[in-house]
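Residue-level structural notes
Here is what each chain is made of, one letter per residue.
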Amino acid sequence: MIRLRAWQAHATLMIVLAMAIVYFQAYVLGRLGSPWLQVDLATVFVVYVSIEHLLLGALVRIFIVAALMHMFSGAPDGFYLMFYLLALVIANVLAKFFALHKLSSQFLIFAGIFCLKFVLVYGSLSKFQRVADFGSFFREVAPSVLVTTLCSVPLFAFFSAIDGLFDASSRRDHRQELAEN
Amino acid sequence: MLVFRRYGFALLVLSALIFPFAFYSSDVATRRDLSFVEKLVYTVSRPIELVFNLVTHQSRDMVRSYVDLRGARGEADHLKDENAKLAVKIQMLQEVEKENERLQKLLNFVRQVNLKFVSGQVQSGDPSFLYKSIRLNRGESEGVLPGMAVVAAEGAVGVVMRTVSKASDVLLLNDPNSNLDVIVARNRRRGMLEGSAGQTMLFKYADRGSRVLVGDEIVTSGLTGPFPRGIAVGKVSRIRVEKDGVTQVIEVEPAVNFAEVSEALILLRNSREVDVIRRVGGGEWMKKLVESVPGRSGG
């Protein structure tokens, strides 16, 4: 019987959760035709770990999600790593200005990062594609951005509840520890 | 460790700023050969993926069975009627087919029905929701190689971009990174079909003076790429002239509804150019070339 410490169990669970999220997104959500069902769970997870987990742990989880997403996607090489690294930096910067316990703040952070994803994709298109179909691109991504931003708030609470099962693992606890000392 | 704690975030900010410059300044495309890290990720995650695949397939089948049963009786009556009509149609078509065969013999037309293929089931879609690819449950062990064409009953689906032993990823024709050599079926004018960020595709580099009309059928040219000629790709859905008065944007509606593809055929023949290069330069030379210059996936 393997006995894991709290942080080891937390790290393992987070990796399993990251994999489950990517598989769910590829096998279930990726096969659904409607853009209103295209919830980008992986990005919500990445933003959550970027804000709430310690930097090193967050980086490891982000690399795993990026690698798995790359394995499933037709995106150009390095796209996910670039996007998630930028998301990590921007989420951390925004978290310094917004109070995270407020729903409106969470909503704004997520909305900002989802918009960043579409700006990055739009930037990777050829000039002809950009000229030709900004309208269709916008029509395609708008429902996904909206529905993911709406779902991000309860998902944030869900991930937070999972973190709450383990002690001294999240950045919030770490900050509290530092403040107490 | 202490250095990372102190400067970790600053380093991350720096790398996050440099990365986009490198990404956008290089002609980044999806590579065909898997790197060591990619192979590792595939191998490690494969057992979990298989379990997930099994569970989702079973759940989907259960839901479908329930939905199917709800309207089964009405559908059965409808199908009986349709069956009777189809039986008559088949007899008529058999006559037409015989006539067609006779004409083809006369014209020395080489039919391409002897192409080898494997059929595969679609396992998953693209989780990015922006780029467009699917994963099929057929891979290297069935003879599937990157660059092979994938077709469905309605027409061309895409090109195999990556393979592992039991799975292959297919870049769909409407993905922004996809390119295909096509012709307009009506007047045999040649052009390039490119994917887009939306659901439609864009017809580019049309021959000078070629008149393309809304409703024109676009088919594969068979001149370059892995597709044999004449496979349906789509129909011209919209033509508009840009503000400069010169650029013409021709949008093509795909023949295949990619969201509803559940099975597809992988044609076991390579791209024509690749075959020529292999014959002239040899396999090893070709391999080195592919490794040194990551090319764009597509036809």
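None of the values given here were measured: they were computed from a predicted structure.

Let's shift gears to the interface of chain B and chain A. With 64 residues of chain B at the interface, the matching set in chain A holds 58 residues. Of the roughly 5200 Å² buried where chain B meets chain A, counting both sides, 68% is carbon and sulfur surface. Taken together, chain B and chain A are joined by zero salt bridges. Taken together, chain B and chain A are joined by 12 residue pairs in polar contact (both at pLDDT 80 or more). Those elements that provide at least two residues to the side of chain B that touches chain A are helix H1 (2–25), helix H2 (36–70), strand E1 (117–124), strand E2 (133–136), strand E4 (155–163), strand E5 (168–172), strand E8 (201–204) and strand E11 (248–254) of chain B. Per-element accounting of the side of chain B that touches chain A gives the leading share, 11 residues, to H1 of chain B. Taken together, the residues of the side of chain B that touches chain A sort by class into 30 nonpolar, 19 polar and 15 charged.

Here we take up the nonpolar core. Ranked by internal contacts, the top residues of the largest apolar core, which has 72 residues, are Phe45, Val65, Phe79, Tyr84, Phe137 and Phe159 of chain A. Where this core is concerned, the elements lending two or more residues are helix H1 (6–27), helix H2 (41–52), helix H3 (55–72), helix H4 (79–97), helix H5 (103–124) and helix H7 (134–164) of chain A together with H1 and H2 of chain B. Per-element tally for this core: the top contributor is H4 of chain A, with 12 residues. Ranked by size, the runner-up nonpolar core spans 37 residues in total, among them Ala149, Val150, Val157 and Val182 of chain B.

All names here are of chain A. Here H1 crosses H7 at 155°, and the two axes come no closer than 11 Å. Of the possible angle classes, the one that applies to H1 and H7 is roughly antiparallel. In the packing of H1 onto H7, the handedness of the crossing is right-handed. On H7, the residues touching His10, Leu13, Met14, Leu17 and Ile21 of H1 are Phe159, Ile162 and Asp163. Grouping the constituent residues of the contact of H1 with H7 by class yields six nonpolar, one polar and one charged.

Time to look at the environment of Ile239 of chain B. All names here are of chain B. Among the secondary structure elements, Ile239 is positioned in strand E10 (residues 232–241). Since its relative accessible area comes to 27%, Ile239 is described here as partly exposed. It is 5.7 Å that separates the C-alpha atoms of Ile239 and Val249, two residues lying 10 residues apart in sequence. Each residue touching Ile239, except ones within four places of it in the same chain, is listed here: Val212, Leu213, Val214, Gln248, Val249 and Ile250.

Next up on the list: the sheet that holds E4 of chain B. Through backbone hydrogen bonds, the strands of a sheet pair up, either in parallel or in antiparallel fashion. Residues and elements named next belong to chain B. Spatially, six strands are ordered E1-E2-E5-E4-E3-E12 in a closed barrel, and the strand pairing comes out antiparallel. The sheet shows a mean angle of 45° between the axes of neighbouring strands, direction not considered. Where strand E3 (residues 149–152) lies against strand E12 (residues 263–267), two bridges are found, and the strand directions are antiparallel. The residue of E12 that forms the bridge with Val151 is Leu265. Set on the sheet, H2 makes contact with E1, E2, E4 and E5; between it and E1 the angle comes to about 80°.

What follows concerns the environment of Gln248 of chain B. For Gln248 of chain B, the position within the fold is in strand E11. Sequence-wise, Gln248 of chain B and Leu79 of chain B are 169 residues apart; in three dimensions their C-alpha atoms are separated by 45 Å.

Turning our attention to the sheet that holds E8 of chain B. Residue and element names in this part refer to chain B. Within the closed barrel, the six strands sit side by side as E6-E7-E8-E11-E10-E9. Their pairing is antiparallel. Within this sheet the neighbouring strands show an average axis-to-axis angle of 40°, counted without direction. Bridging between strand E6 (residues 179–184) and strand E9 (residues 217–220) involves three bridges; their strand directions are antiparallel. Among the inter-strand pairings, Val184 is bridged to a residue of E9, identified as Ile218.

This paragraph deals with the pairing of E8 of chain B. Residues and elements named next belong to chain B. Side-chain alternation along E8 places Met201 and Phe203 on one buried face and Leu202 and Lys204 on a second face that is also buried. With three bridges connecting them, strand E7 (residues 190–194) and E8 associate as antiparallel partners. By the bridge assignment for E8, Leu193 is matched with Phe203. If you look at the hairpin formed by E7 and E8, you'll find six residues sitting between the two strands.

Basis of the calculations
- Residues numbered from 1 in each chain as written.
- Chains lettered and ligands numbered in written order.
- Predicted model: local features only at pLDDT ≥ 70, side-chain atom pairs only at ≥ 80, totals over all residues.
- Heavy atoms only, no water.
- Contact = heavy atoms within 4.5 Å.
- Buried area = accessible area lost by both parts, 1.4 Å probe.
- Salt bridge = Lys/Arg side-chain N within 4 Å of Asp/Glu carboxyl O.
- Polar contact = N/O pair within 3.5 Å; in protein donor to acceptor, adjacent residues only side chain to side chain.
- Helix = DSSP H or I, 4+ residues; strand = E, 2+ residues; numbered from the N terminus.
- Nonpolar A, V, L, I, M, F, W, Y, C, P; charged D, E, K, R; others polar.
- Core = buried A, V, L, I, M, F, W, Y, C linked by side-chain atoms within 4.5 Å.
- Buried < 20%, exposed > 50% of the residue type's maximum accessible area, 1.4 Å probe, protein only.
- Axes fitted to C-alpha atoms, helices over the stretch in contact; angles between N-to-C directions.
- Parallel < 35°, antiparallel > 145°, perpendicular 65-115°, else oblique.
- Left-handed = near helix turned anticlockwise from the far one by under 90°.
- Pairing = 2+ DSSP bridges.

Everything listed here is a matter of geometry and, on its own, says nothing about what the molecule does.
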